[in-house]
Amino acid sequence: MSGALARLRAGDWSAYALLPAVMLASLPMMSLSAWLTLTVAGVAMGMMLFLMAAGLTLIFGLMQVFTFAHGAFITLGAYLAVSVLGALAGWSVAGSWWLNLAALGAALVAALIATGAAGYVFERVIIRRVYGEHLRQILITVGGLIIAEQLVVAVWGANPLPLAKPASFRGSIIIAGAAIEKYRLLAAALGLVVYAGLQLLLSRTRVGLLVRAGVENLEMVEALGYRIRRLFIGVFVTGAALAGIGGVMWALYQEVVTRSIGGDMTILIFIILIIGGLGSVGGCFTAAILVGLVTNYVGFLAPKLALGSTIVLMMAVLMWRPRGLFPVGAG
Amino acid sequence: MRRGAGRRPLDWLLSGDRPGGRVLSLLLLAVLLGLAFAPFLFPGTRPLGVAARICIFIVLAASYDIMLGYTGIASFAHTMFFGMGAYGVAIALAKLPVGWDAVLLGAAAGVALAALVAILIGLLSLRVRAIFFSMITLAVASFALILATELRDLTGGEDGLTFSVPRLLTPGFRLAAEPVLGVRLDGRLVTYYLIFVLSLALFLAMLRIVNSPFGRVLQAIRENEFRAEALGYRTLVYRTLAGALSAALAALAGAMMALLLRYNGPAVTLSFDVMVDILLMVVIGGMGTLYGPVLGAVVLVMAEYYLQPAMAALSRSLAGWPVLPVLFHPDRWLLWLGVLFVLIVYFFPAGIVGSLRRQAR
């Protein structure tokens, strides 16, 4: 614990330097405009990945709870986006920027509330009974994932559903000869806002202080008389709601929703958590952007290797730093 | 338990690990007899295929149980090892002249690769926190799935490989001109009995392994890894060996699957759905006892083939009700197995076998 703090104080520059290093190293391999497009795309993808992964890193970090069902909240958010934007089709296709934003906002709020509520039920019904038992946590959440996926299919059907972006967010703008999709800028902005909000919450409020202290040393915080379990419910609900928002954004980015959307993202999210270090929101943010960038660069240079490259990246980071780039807590 | 070993032939065969309980023994005997005489009891191509799948999945689920139930490690890469064995045989038969040497070579290559990769994953877990293990296996398994779909020249990509098997196993082959007890003695029958005998032998070998001193150490690791290490056992070596063994056995199951289907593709042996099936089999049947996966495999394969028609009938009869017809739609069979899975993890952690054993006491 103190080792992590000391390293942060000493200025852990090599972990921080990884992101710019990856960006610079890829520059000679492509034209500047392609690089700019890919970098923005990668950052936007990373921001969306961060939305989905941020809650999970705290869930792991705070209570050492291993859930494989996080993808279910992403899937739920994605399908809710289809339903809400379908119901508000008039707003979504209108030429007005404000109506488009309102439609997206409605989808986000619906996903926030619904996945937050689903997260509460999931924590109370499924997770609560298996605190501290890792093997049963893994099994039970895989069971929960099966049930959740099947319920989603029962409601929305098994076929992929198309999902159009609201009119104003389609197309791209040209900056310095590079085409940059508007939607990606929007996704990056939302991700930044959530990141800033989370960091403020964690560093400036009493609740955030308790969460950070709990991640570092759970027993000590409990010994001081705080009810970490009650706090954990809040973290779990927040994590689920963020995953739901991430699901909405990712679904709109892909423009198609399949039932495996959550399961596919889960693998990427685990890679991000492992690279970033469990329990670290900042590490999660850096790792998410790193994964987004690498996916986009490699996807451009060698399309077949895109997902494989992130797994190789994870292995390399683990060889270098077995506990991730920015480890937190006593572990 | 060990005193009995070596005295009676049955105890020798079962390594002194009897099922325990009359109901359970009868059930397992019924499974054994049903599988041994499947071609004569349930004539037809489809039932024979179902019986062969049950045999293969018994080996696959039991080998997974060595990791999950005996050592207490949740790995999500088991289908990858299954796929390695299947692709080994498939690639050998598709690229080399068809013959038994190709089958053996392919299976051996698949088994060796599976054991090697399992050892590498095990050594990696030396460097990382133990809690990363499940996540890393998931990532490695998805990497294998990508490789199998992308290396099109070798694996046939998304479409997979269709290949010929040695003549003895082809449907056109006749062992005898006349049918015996109304069953034609053709290559399908030979394939089935090859798979049945191999599966039985592998199952008995696994029983021997888990009841050996090695198996006891694995259980000690499951119960308390720290204590096992303090007693002087190198837990990493044992864990890695268990992983390699389990991977090699899964690869053998995969080789049998390839011979049965005369086809192999990513969806059959590598997809996450297969992993979920294995998990359901082991947990529903009962973790930490090899008899559990036997019952689990029977229940799940039968459910896959025969639950859907039953649910279709139920769904039709509920047509007037709200919501219910949707929930009992034949495609929702996995939903109910998922519910069963969660209930079993909560209330009967020892699964069917554990519950039956407790009743017998």
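## Some points on the overall build of chain A
Stage number 1. For chain A, the helix and strand inventory stands at 14 helices and 4 strands.
Stage number 2. Overall, the C-alpha framework of chain A stretches about 55 × 50 × 35 Å when taken along its three principal axes.
Stage number 3. Within the span of chain A, comprising 331 residues, buried residues form 55% of the whole.
Stage number 4. Restricting to contacts in chain A with at least 6 residues of sequence separation, those with at least 24 account for 77%.
Stage number 5. Summing over all exposed atoms, chain A offers an accessible surface of approximately 13,100 Å²; the carbon and sulfur share of this is 69%.
Stage number 6. Here chain A carries 20 positive and 10 negative side-chain charges, and the mean point of each set is 4 Å from the other.

## A word on helix H4 (residues 45-71) of chain B
Stage number 1. The terminal C-alpha atoms of H4(B) lie 38 Å apart, and with 27 residues this matches the ideal 39 Å at 1.5 Å per residue to within 8%.
Stage number 2. A maximum bend of about 40° is found in H4(B) at B:Asp65.

## What to know about the interface of chain B and chain A
Stage number 1. Residue-level contacts link 38 residues of chain B with 41 residues of chain A.
Stage number 2. Taken over both partners, the interface formed by chain B and chain A buries close to 3,700 Å², and the fraction arising from carbon and sulfur atoms is 79%.
Stage number 3. Summed over the shared surface of chain B and chain A, the number is 0 salt bridges.
Stage number 4. Taken together, the connections running from chain B to chain A amount to 4 residue pairs in polar contact (both at pLDDT 80 or more).
Stage number 5. When the residues that make up the side of chain B that touches chain A are grouped by side-chain class, the tally is 29 nonpolar, 4 polar and 5 charged.

## Quick word on the layout of surface pockets
Stage number 1. In this structure, the second largest pocket occupies an estimated 920 Å³ of space.
Stage number 2. The wall of the second largest pocket is formed by 36 residues, among which A:Leu135, B:Leu68, B:Gly72, B:Ile73 and B:Arg222 lie closest to the centre.
Stage number 3. Broken down by secondary-structure element, the contributors of at least two residues to the lining of the second largest pocket are helix H7 (134-156) of chain A together with H4, helix H7 (133-150), helix H10 (213-223), helix H17 (333-347) and helix H18 (351-360) of chain B.
Stage number 4. It is H7(A) that provides the largest number of residues to the lining of the second largest pocket, a total of 5 residues.
Stage number 5. Grouping the amino acids of the lining of the second largest pocket by side-chain chemistry returns 17 nonpolar, 11 polar and 8 charged.

## What about the confidence of the model for chain B?
Stage number 1. Predicted confidence across chain B gives a mean pLDDT of 85, with 96% of residues reaching 70 or more.
Stage number 2. Contacts for the low-pLDDT stretch residues 1-6 of chain B, under 50 throughout, to residues beyond four places or in other chains number 7 contacts.

Criteria and cut-off values
Residues numbered from 1 in each chain as written. Chains lettered and ligands numbered in written order. Predicted model: local features only at pLDDT ≥ 70, side-chain atom pairs only at ≥ 80, totals over all residues. Heavy atoms only, no water. Helix = DSSP H or I, 4+ residues; strand = E, 2+ residues; numbered from the N terminus. Buried < 20%, exposed > 50% of the residue type's maximum accessible area, 1.4 Å probe, protein only. Contact = heavy atoms within 4.5 Å. Areas by Shrake-Rupley, 256 points an atom, 1.4 Å probe, with all protein chains shown as cover. Lys, Arg positive; Asp, Glu negative; His and termini not counted. Charge placed at Lys NZ, Arg CZ, Asp CG, Glu CD. Expected span 1.5 Å × (residues − 1). Bend = angle between axes of the 7 residues up to and from the residue. Buried area = accessible area lost by both parts, 1.4 Å probe. Salt bridge = Lys/Arg side-chain N within 4 Å of Asp/Glu carboxyl O. Polar contact = N/O pair within 3.5 Å; in protein donor to acceptor, adjacent residues only side chain to side chain. Nonpolar A, V, L, I, M, F, W, Y, C, P; charged D, E, K, R; others polar. 1 Å grid on protein atoms, 1.4 Å probe; cavity = no way out; pocket = protein on both sides within 12 Å on 5 of 7 lines; lining within 4 Å. Points joined across faces, edges and corners; volume = space filled by probe spheres on them. pLDDT = per-residue confidence, 0-100.

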